[in-house]
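Architecture at a glance
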Amino acid sequence: MRSKLAAVLSCLTCALATFAAPAPGRAADGPKGKVNFQDHVAPVLRSRCGSCHNADKQKGGLNLDTYGTAMQGGGSGKVVEPGDPDGSTLLAVVTHKEEPKMPPNSPKIPDTEIEVIRKWIEGGALETSGSVATAKARPKFEFKLDASAMGKPAGQPAMPEGLSTEPFIPQAKPGAVVAMAASPWAPLVALAGHKQVLLYRTTDYHLVGVLPFPEGLIYTLKFSRNGDLLLAGGGRGGQSGLAVAWDVKKGTRVFEVGKEYDIVLTADISPDHGLVALGGPSKIVRVYNTADGSLAFEMKKHTEWVTAVEFSPDGALLATGDRNNGLIVWEAQTGREFHDLRGHTAFITDVSWRPDSNVLASSSEDTTVKLWEMENGGNIKNIGAHGGGALSVQFARDGRIVTAGRDRVVRLWDPNGNKQRDFEAFNDLALRAVMTHDNTKVIGADFSGEVRVWDAKDGRRLATLAVNPAPLAARLEQANRLLVAARAEAESLARQLGPFQDAAGKAQATAAGAQGKLAAAEQALAKQNATIAGLDAAMKAKAAAAGEARATLQAAEQLAAQAAAAQKAADAAIAQTAQAEKAATDALNAAKAAADRALAEKAAHDPALQAAAAALKAAGTPEAAAKAAEALSQQAKKAAELVQAVAASGERVSSAHRELARIAAARAAAPGSANAARLAARAAALAVPTARDAVARADAEKAGADKALADARGKVPALTALAAAAKKELDGANAAKAAADKALADRRGPLDAATAKVKALQAEADALAVEKKRSGAGGGLASADRPGS
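Values in this document were obtained by computation on a predicted structure and should not be read as measured data. Sequence order sets the numbering: in each chain, residues are counted from 1 along the sequence as written. Local features in this predicted model are restricted to residues whose pLDDT is 70 or higher, and side-chain atom pairs enter the listing and the counts only when it is 80 or higher, whereas totals over whole chains, interfaces and linings include all residues. No hydrogens and no water enter the side-chain calculation; it runs on all heavy atoms of the structure.

**Quick notes on the overall build of the protein chain**
Secondary structure is summarised from DSSP: a helix means a run of H or I of at least four residues, a strand means a run of E of at least two, and numbering begins at the N terminus for each. Counting secondary structure elements, the protein chain contains 7 helices and 28 strands. Its C-alpha atoms give the protein chain principal-axis dimensions of about 185 × 100 × 50 Å. Note on classification: 1.4 Å probe, protein chains only; a residue is buried when its accessible area is under 20% of the maximum for its type, exposed when over 50%, partly exposed between these limits. Here the protein chain holds 789 residues, and 43% of them are scored as buried. Long-range contacts, defined here as pairs at least 24 residues apart, represent 56% of the contacts in the protein chain between residues at least 6 apart. Surface accessibility in these figures is a Shrake-Rupley result with a 1.4 Å probe; residues are shielded only by whichever protein chains are displayed. Of the roughly 37700 Å² of accessible surface on the protein chain, 55% is carried by carbon and sulfur atoms. Positive: Lys, Arg. Negative: Asp, Glu. His and the chain ends are not part of the count. For this purpose, a charge sits on NZ of Lys, CZ of Arg, CG of Asp or CD of Glu. Across the protein chain, 96 positive and 86 negative side-chain charges occur, with their mean positions spaced 5 Å apart. Contact definition: two residues touch when any of their heavy atoms are within 4.5 Å.

Listed below in structure tokens is the structure:
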């Protein structure tokens with residue numbers, strides 16, 4: 001965004017690109033004797049830079065041909081600081097430590113040539129071997145800050161310590177307050193009085209310091225970004241002007257810059273304390289080094305009085321405005337133009353940077369406040385701020401904007417430019433407005449010299465600050481007189497407070513008693529609810545036990561029925577086994593008879609089989625043998641059938657024997673099984689009455705639990721009503737207590753205010769007495785001598 005690089009040293013590129021060979025006129029092993037411009041440096045500059053920075057072609061306004069022009073520098077200021085190589089732009093760009101690197105996009109020039117330039121600057125930048133080095137001016141005060149120290153100070157923010165509050169011009173006639181500034185980190189505001197700066201503490205609105213400015217009227221005040229320094233600019237119209245900086249803690253002047261021939265209307269100090277920019281009727285913006293008061297560079301583009309100047313919080317840019325609606329942003333370290341902001345149509349009255357340095361606010365007599373972004377310089381917001389003209393604009397640390405204008409009103413805007421609040425109108429033009437460091441108070445000043453402090457939140461007026469304070473002795477006398485009256489008022493209010501304190505105490509006791517009753521009632525109700533919960537759980541347990549008893553009875557009855565059926569079956573089995581045994585005996589006898597018959601038939605057939613065999617044996621002819629064989633075969637077949645019948649009848653006899661044995665065994669066992677069944681049936685029948693008794697007991701216990709639960713629940717409405725009555729009583733007691741407390745607070749408020757007033761007046765009187773004693777103007781009052789002691 002801020003890389004616009006033009007002007008000084010930007011055209012060294014072409015010359016430095018020819019660095020390959022050693023420069024003529026310089027020995028390869030380094031310079032002999034004192035390093036000076038004529039013998040050693042001029043040959044290097046002519047070789048490397050002469051083509052772009054000579055008398056005929058002074059690119060960037062820089063001519064390096066002669067010692068005088070080289071030391072003069074270019075359009076962006078000096079490039080050589082004798083005795084300070086690290087602070088010399090020439091060395092920084094050729095070593096590629098700063099932009100623009102020379103040559104760009106190319107290696108550095110040879111180290112031997114860089115060393116020649118370094119030694120020359122270090123030795124005081126001598127012109128010839130016979131020149132004598134002049135010591136570089138050193139600052140009276142260490143202004144440069146590390147980047148890490150920018151913004152909020154590391155320790156406690158600077159506040160005046162033991163500064164004199166004796167007015168430089170006592171009780172000067174009040175005039176327009178054209179300059180005012182608030183410390184960015186401390187409860188401190190600076191007002192421009194007549195040839196003096198008044199420092200007020202914004203916590204108690206006490207005057208804590210007076211800084212004389214005998215050089216004339218003060219037209220501008222600015223605190224440094226870390227709050228350590230206060231810068232004032234002013235002078236005498238048409239005669240002289242300057243800018244002065246004080247150490248805020250000590251009240252001592254640390255530097256003066258800009259011996260102008262007319263007043264300084266506007267000025268600001270850079271965040272690193274290294275530069276001061278100022279402007280006025282000369283139409284020129286001049287930027288000075290704070291270290292030695294020398295002019296760093298100046299900008300001449302404005303066509304009318306320069307009326308507004310401010311460095312950006314990051315120190316990169318500088319905004320300036322003029323009486324002819326010109327508004328320009330510059331590169332703060334070089335003075336090169338960055339943006340020309342066109343849009344206002346009248347006098348630019350003020351400028352202010354948002355804390356992030358990305359947005360600039362400007363106010364104008366054209367009635368508007370405009371916001372500008374710094375990426376492209378575009379106008380991002382137009383605010384119709386004040387009819388007749390906007391005279392002041394300031395960004396607060398939280399991004400809000402406070403303005404003042406010819407409509408006599410101070411206004412507060414949110415960060416987007418939407419109006420938040422109007423503060424009570426002044427009786428004359430509202431010239432200046434600032435916000436305190438903590439964003440809680442707005443301070444405005446008008447053309448008549450009235451300065452008001454308001455609460456930023458609700459717009460209440462908190463205090464009025466005097467721009468023409470009385471002499472120290474008069475203020476001490478007044479503080480003591482006011483202290484006596486304040487103590488008397490506080491004592492009177494304290495006496496009036498007694499009855500209200502008693503009433504509040506009684507109301508408190510009544511409320512405490514009612515609170516105790518409510519607590520007891522709520523405790524009893526909670527206890528009863530806990531009892532109900534316990535009884536409910538017990539009832540549910542009894543119900544579960546009754547259910548289990550019924551299930552047990554049902555099981556016992558089922559078991560008894562099953563045992564009776566088993567007994568009946570066992571008794572029937574005894575008769576059935578007797579019948580079966582008889583049938584089995586009959587079957588066995590029948591099987592035996594059948595076996596006897598089969599054996600008899602086989603025995604009857606055996607002779608026939610033997611006869612057939614004998615016939616076969618006796619046959620004498622083949623025909624007789626064949627016939628005998630056929631007969632023998634028939635007889636053998638018949639014999640086989642009879643054998644099979646005998647075997648089958650034997651198997652039937654065996655099976656009948658087994659069946660008879662099984663049935664006999666069953667008949668023998670049947671009486672035992674019947675007895676067991678009878679015993680089981682009797683036992684099961686006995687269990688049923690026991691189960692019925694258990695069910696009756698469980699039902700009775702559940703009924704008892706139900707009744708206990710119902711009785712407990714029946715007590716809840718009465719306890720609830722008791723608690724409600726206690727709550728109503730407490731509400732009444734609290735209402736009475738609130739009324740008593742309000743009555744007490746209504747009385748205590750004035751007492752607290754009176755007590756605070758006494759404390760503040762006591763502190764002011766003590767401080768003034770100490771200061772008076774220290775200044776030798778007379779001894780302060782001892783505590784015993786103070787009014788009201």
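There is more to say, and it comes next.
**Describing the sheet that holds strand β20 (residues 379-384)**
The strand order across the open sheet formed by 4 strands is β17-β18-β19-β20, and the pairing between neighbours is antiparallel. Two strands in the sheet have a free side with no partner beyond their single neighbour: β17 (348-353) and β20. Shown here is a sheet whose adjacent strand axes are inclined to one another by a mean of 20°, direction ignored. Pairs of strands are assigned from DSSP output, requiring at least two bridges between the strands. Bridge analysis of strand β19 (residues 368-373) against β20 gives 5 bridges, and the strand direction is antiparallel. Its bridge partner lying in β20, L371 is registered against K381. Simply put, an axis is a line fit to the C-alpha atoms, just over the touching stretch for a helix, and the angle between two N-to-C directions goes from 0 to 180 degrees.

**Concerning helix α7 (residues 622-775)**
Given 3.6 residues to a turn, an α-helix orients residues that are three or four positions apart in the same direction. Helices are assigned an expected span. That span is 1.5 Å times one less than the residue count. For α7, spanning 154 residues, the distance from its first C-alpha to its last is only 185 Å, which falls clearly below the expected 230 Å at 1.5 Å a residue. Bend, at a single residue, is the angle you get between axes fitted to the 7 residues ending at that residue and the 7 residues starting at it. At A669, α7 shows its strongest bend, of approximately 35°, with the proline P671 following within four residues. Among the residues trailing α7, G776 stands out with phi positive, at a value near 80°.

**Section: the pairing of strand β14 (residues 317-322)**
Burial of β14 is extensive: 6 of the 6 residues sit out of reach of the surface. Going residue by residue along β14, you find L317, A319 and G321 tucked away on one face and L318, T320 and D322 tucked away on the opposite face as well. Judged from the 5 bridges that link them, strand β13 (residues 306-311) and β14 form a sheet pairing that is antiparallel. Within the sheet, the bridge partner assigned to V306 lies in β14 and is D322. Here β13 folds back onto β14 in antiparallel fashion, the turn holding 5 residues, of which G315 has a positive phi close to 80°.

**Describing the pattern of salt bridges**
Whenever a carboxyl oxygen of Asp or Glu lies within 4 Å of a side-chain nitrogen of Lys or Arg, that contact is scored as a salt bridge. All chains considered together, the criterion is met by 43 salt bridges. The partner of E310 in a salt bridge is R225, with the nearest N and O atoms 3.4 Å apart. One end of the pair, E310, is in strand β13; the other, R225, is in the loop between β5 (217-223) and β6 (229-236), and 85 residues separate them in sequence. Put simply, D455 and R460 hold a salt bridge, and the shortest N to O gap is 3.2 Å.

**Some points on the packing of aromatic side chains**
One pair of aromatic rings is described through two measures. These are the centre distance and the angle between the planes. Any Phe, Tyr or Trp ring, taking Trp's six-membered ring, that has another such ring centre within 6.5 Å forms a pair; planes under 30 degrees apart are called stacked, those over 60 apart edge-to-face, and the others tilted. What the rule picks out here adds up to 4 aromatic pairs. Here F423 and W454 contribute two aromatic rings whose centre-to-centre distance is 5.0 Å and whose plane-to-plane angle is 25°, an arrangement assigned as stacked. You can see F423 sitting in the loop between β24 (419-422) and β25 (430-435) and its partner W454 sitting in strand β27 (residues 451-455), a full 31 residues away along the chain. Across this residue pair, the class does not change: F423 and W454 are buried. Arranged with centres 5.6 Å apart and planes meeting at 65°, the rings of F426 and W454 form a pair that is edge-to-face.

**Some points on the side chain of S363**
One can find S363 in strand β18 (residues 359-364). Polar contacts, as used here, are pairs of N or O atoms within 3.5 Å; protein pairs need one atom able to donate a hydrogen and one able to accept it. Residues neighboring in sequence count only if both atoms are side-chain atoms. Of note is the side chain of S363, whose polar atom sits 2.7 Å from the side chain of T349. Aside from chain neighbours lying at most four places away, what touches S363 is H344, F347, I348, T349, D350, T368, V369, A390, L391, S392 and V393.

**Focus on the sheet that holds β13**
For sheets, the rule is that strands pair by backbone hydrogen bonds, running either parallel or antiparallel. Taken in spatial order, the 4 strands line up as β13-β14-β15-β16 in an open sheet, and their pairing is antiparallel. Every interior strand has two partners, whereas the edge strands, β13 and β16 (337-340), have only one. The sheet shows a mean angle of 20° between the axes of neighbouring strands, direction not considered.

**Let's talk about the packing of helix α2 (residues 37-49) against helix α5 (residues 111-122)**
In the contact formed by α2 and α5, the axes pass within 10 Å of each other and the chain directions differ by 135°. The orientation of α2 with respect to α5, classified from their angle, is oblique. Handedness of the α2/α5 crossing: left-handed. Contacts between α2 and α5 involve F37, H40, V41, V44 and R48 on the former and, on the latter, E113, V116, I117 and W120. Charged residues are taken to be Asp, Glu, Lys and Arg, nonpolar residues to be Ala, Val, Leu, Ile, Met, Phe, Trp, Tyr, Cys and Pro, and polar residues to be all remaining types, Gly included. In the contact of α2 with α5, the residues fall into 6 nonpolar, 1 polar and 2 charged. Roughly parallel means an angle under 35 degrees; roughly antiparallel, over 145; roughly perpendicular, 65 to 115; everything else is oblique. Crossings are assigned a handedness: left-handed for a near helix turned anticlockwise from the far helix by less than a right angle, right-handed for a clockwise turn.

**Overview of the nonpolar core**
Throughout, nonpolar core names a set of buried Ala, Val, Leu, Ile, Met, Phe, Trp, Tyr and Cys residues whose side chains join them through atoms within 4.5 Å. Counting residues in each nonpolar core, the largest one holds 25 residues, and the members touching the most others are F37, V80 and W120. Breaking this core down by element, the ones donating at least two residues are α2, α3 (67-72), α4 (89-94) and α5. When residues of this core are assigned to their parent elements, the largest contribution, 6 residues, is made by α2. For F37, the contacting residues outside a window of four places in its chain are A42, P43, L45, L64, D65, T66, Y67, A70, W120, L126 and E127. A181, A186, A190 and I218 belong to the second largest nonpolar core, which has 23 residues in total.

**Description of the confidence of the model for the protein chain**
In this model, the protein chain carries a mean pLDDT of 86, and residues with pLDDT of at least 70 account for 91%. How sure the predictor is of each residue is captured by pLDDT, a score from 0 to 100. Taken together, the stretch residues 1-28 has pLDDT below 50 and engages in 87 contacts with residues farther than four places along the chain or on a different chain. This model gives residues 777-789 a pLDDT under 50, and the stretch forms 20 contacts once residues within four places in sequence are excluded.

**With respect to the environment of A763**
Checked against the element boundaries, A763 lands in helix α7. Residue A763 is classed as partly exposed on the basis of its relative accessible area, which comes to 41%. Between the C-alpha atoms of A763 and E641, which are 122 residues apart in sequence, the distance is 152 Å.

**Focus: unusual backbone geometry**
You will see that A125, though not glycine, has its phi angle at about 55°, which is positive. Structurally, the position occupied by A125 is in the loop between α5 and β1 (180-182).

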